[in-house]
Amino acid sequence: MKKARIPMIIVLIVILFICSNINTYANEEQIVMQTKKADMMNSLVDVIKNYNTSSFFKKNEDNNDQTDFKESIFDTVSKNKKINIYFHKENEIKEIYIEEYVLGVLAAEMSDSREMEALKAQAVAIRTLAFYRMENEKAHEGDAVLCTDSTCCQAWLDEEYSDKYKEAVKETEGIVIKYEGEYISSHYFACSGGYTEDAENVWGSSKPYLISVPSPGEAEYNEYYKAYQFTEKEFASLLNIKGASFRKISDVVRSASGRIITLKINDVEITGRELRTKLGLRSTNAYFSVDDDGKILISVFGYGHGVGMSQCGADVMAKSGADYIKILTYYYAGVTIGQA
């Protein structure tokens, strides 16, 4: 069985390489080429879906020096520490306890149907981002550190929380992620679509712990794939194409993870982020084709910006037996896990 894994990995790498580079070397890409790439990506979906995720993640365990880490849930730094949060719906800044904040965000950002270790990893990422922002980006609205708008910071719910949420927060109380002794900007998102993304490709600045890594096994989740359909008029209107006429897509530049960095529509350059925002796509990992009626079809893989921890990927790892520390040290490169 071990010999079978090598060809599977080679197939995965070759398919992804082809998908991510066809556009880079083409002077002008027609929609028909995108159709071929979409077919190739579908093959990649099958490879990732059927890959032995348990054996894939197991190879990372030997390099994880956090396996003997023992957390304490008593007298932690964050237990009595408070944070100023801007509640955007109420237009009010409130001071609440860190752990209360973590619980509310966890309930808003991740379903409690997910594995416990995935929920713990999410709780730690939420807490870490709060500490990071308190030290590095304190000004938000007034003196607020973060807000409750999910499109800006982290969502938050005030409700009767399930025991599962409470357990995830309690068992990780005070635990944070650090890189070289400093809190990290612990970004996370719903689903990678196969690979996470380098921070530099999304926000223009790199961080050594926010690099692209494979995230196999996500194809079983609803967040993994979605198809969009636009008429030519809708497409032109949403993208504000002059003359309200769509003619061609060209010069598509993709990152190694497959996400669009830039492309040209009617010879006008647009970024992948602009494309996603204006068309309301789940991610920039998008592939174009045209049906017989002239409608523009877009196949989108993954959900979110793609930087940091994939929530679906974390759940896959947890199902494979990984604890929350292994999950965090996989998605955030070179970090350590410990008390705040």
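Here, every reference points to the structure presented above.
Residues numbered from 1 in each chain as written. Predicted model: local features only at pLDDT ≥ 70, side-chain atom pairs only at ≥ 80, totals over all residues. Heavy atoms only, no water.

**Quick notes on the layout of surface pockets**
- For the largest pocket, the calculated volume is near 1,200 Å³.
- Surrounding the largest pocket, 42 residues form its lining, S150, Y188, F189, W203 and H305 being those nearest its centre.
- Contributions of two or more residues to the lining of the largest pocket are made by α5 (116-136), β6 (188-189), α7 (199-203), β9 (260-265) and α9 (272-279). (1 Å grid on protein atoms, 1.4 Å probe; cavity = no way out; pocket = protein on both sides within 12 Å on 5 of 7 lines; lining within 4 Å. Points joined across faces, edges and corners; volume = space filled by probe spheres on them. Helix = DSSP H or I, 4+ residues; strand = E, 2+ residues; numbered from the N terminus.)

**Remarks on the nonpolar core**
- Judged by nonpolar contacts, the single largest core of 63 residues is most densely connected at I83, Y101, L106, M309, I327, L328 and Y332.
- Examining the composition of this core, we find that 13 residues originate from one element, α5, more than from any other.
- Discounting chain neighbours no more than four positions away, the residues touching I327 are E117, A118, A121, M309, A314, M317, A318 and A322.
- Within the second largest apolar cluster, 20 residues are counted, among which are I265, I296, I298 and V300. (Core = buried A, V, L, I, M, F, W, Y, C linked by side-chain atoms within 4.5 Å. Buried < 20%, exposed > 50% of the residue type's maximum accessible area, 1.4 Å probe, protein only. Contact = heavy atoms within 4.5 Å.)

**Let's talk about the sheet that holds strand β1 (residues 82-87)**
- Spatially, three strands are ordered β2-β1-β3 in an open sheet, and the strand pairing comes out mixed. A strand with exactly one partner marks an edge of an open sheet, and here the two such strands are β2 (92-97) and β3 (146-147).
- Both β1 and β3 contribute to a ladder of two bridges, which runs parallel. Bridge pairing in β3 places Y86 opposite C147.
- Sitting on the sheet, helix α4 (residues 98-109) touches β1, β2 and β3, and the angle it makes with β2 is about 110°. (Pairing = 2+ DSSP bridges. Axes fitted to C-alpha atoms, helices over the stretch in contact; angles between N-to-C directions.)

**Topic: helix α10 (residues 311-319)**
- For α10, the tally of buried residues reaches eight of nine residues, placing the bulk of the element in the interior.
- Turning to α10, its buried residues are Q311, C312, G313, A314, D315, V316, M317 and A318.
- Immediately beyond the C-terminal end of α10, within one or two residues, lies G321, with a positive phi of roughly 105°.

**Considering the packing of aromatic side chains**
- Enumeration according to the criterion identifies nine aromatic pairs in this entry.
- Ring geometry for Y225 and F301: centres 5.2 Å apart, planes at 55°, overall tilted. Of this pair, Y225 sits in strand β7 (residues 225-230) while F301 is found in strand β12 (residues 296-301), placing the two residues 76 residues apart along the sequence.
- Overall, the relative accessible area of 38% leaves Y225 in the partly exposed class. (Phe/Tyr/Trp six-rings, centres within 6.5 Å; stacked < 30°, edge-to-face > 60°.)

**Structural notes on the pattern of salt bridges**
- Tallied over the entire structure, the rule returns nine salt bridges.
- With a closest N to O distance of 2.6 Å, E171 and K120 form a salt bridge. One end of the pair, E171, is in the loop between α6 (163-170) and β4 (175-179); the other, K120, is in helix α5, and 51 residues separate them in sequence.
- With a closest N to O distance of 3.6 Å, K248 and D267 form a salt bridge. Of this pair, K248 sits in the loop between α8 (232-238) and β8 (249-254) while D267 is found in the loop between β9 and β10 (268-271), placing the two residues 19 residues apart along the sequence.
- A single network of salt bridges, built from pairs that share partners, joins E117, K120 and E171. (Salt bridge = Lys/Arg side-chain N within 4 Å of Asp/Glu carboxyl O.)

**Observations concerning the sheet that holds β8**
- Pairing in this open sheet of three strands is antiparallel, and the strands run β8-β9-β10 from one edge to the other. Of all strands in the sheet, those with a lone pairing partner are β8 and β10, marking the two edges. Averaged over all neighbouring strand pairs, the angle between strand axes comes to 15°, with direction disregarded.
- Direction of pairing for β8 relative to β9: antiparallel, over a ladder of four bridges. Across the sheet, S250 pairs through a bridge with K264, a residue of β9.
- Across the sheet, α9 is in contact with β9 and β10; its angle to β10 comes to roughly 80°.

**Re the environment of T172**
- Relative to the assigned elements, T172 resides in the loop between α6 and β4.
- In this structure, the C-alpha to C-alpha distance between T172 and A123, residues 49 residues apart in sequence, is 7.3 Å.

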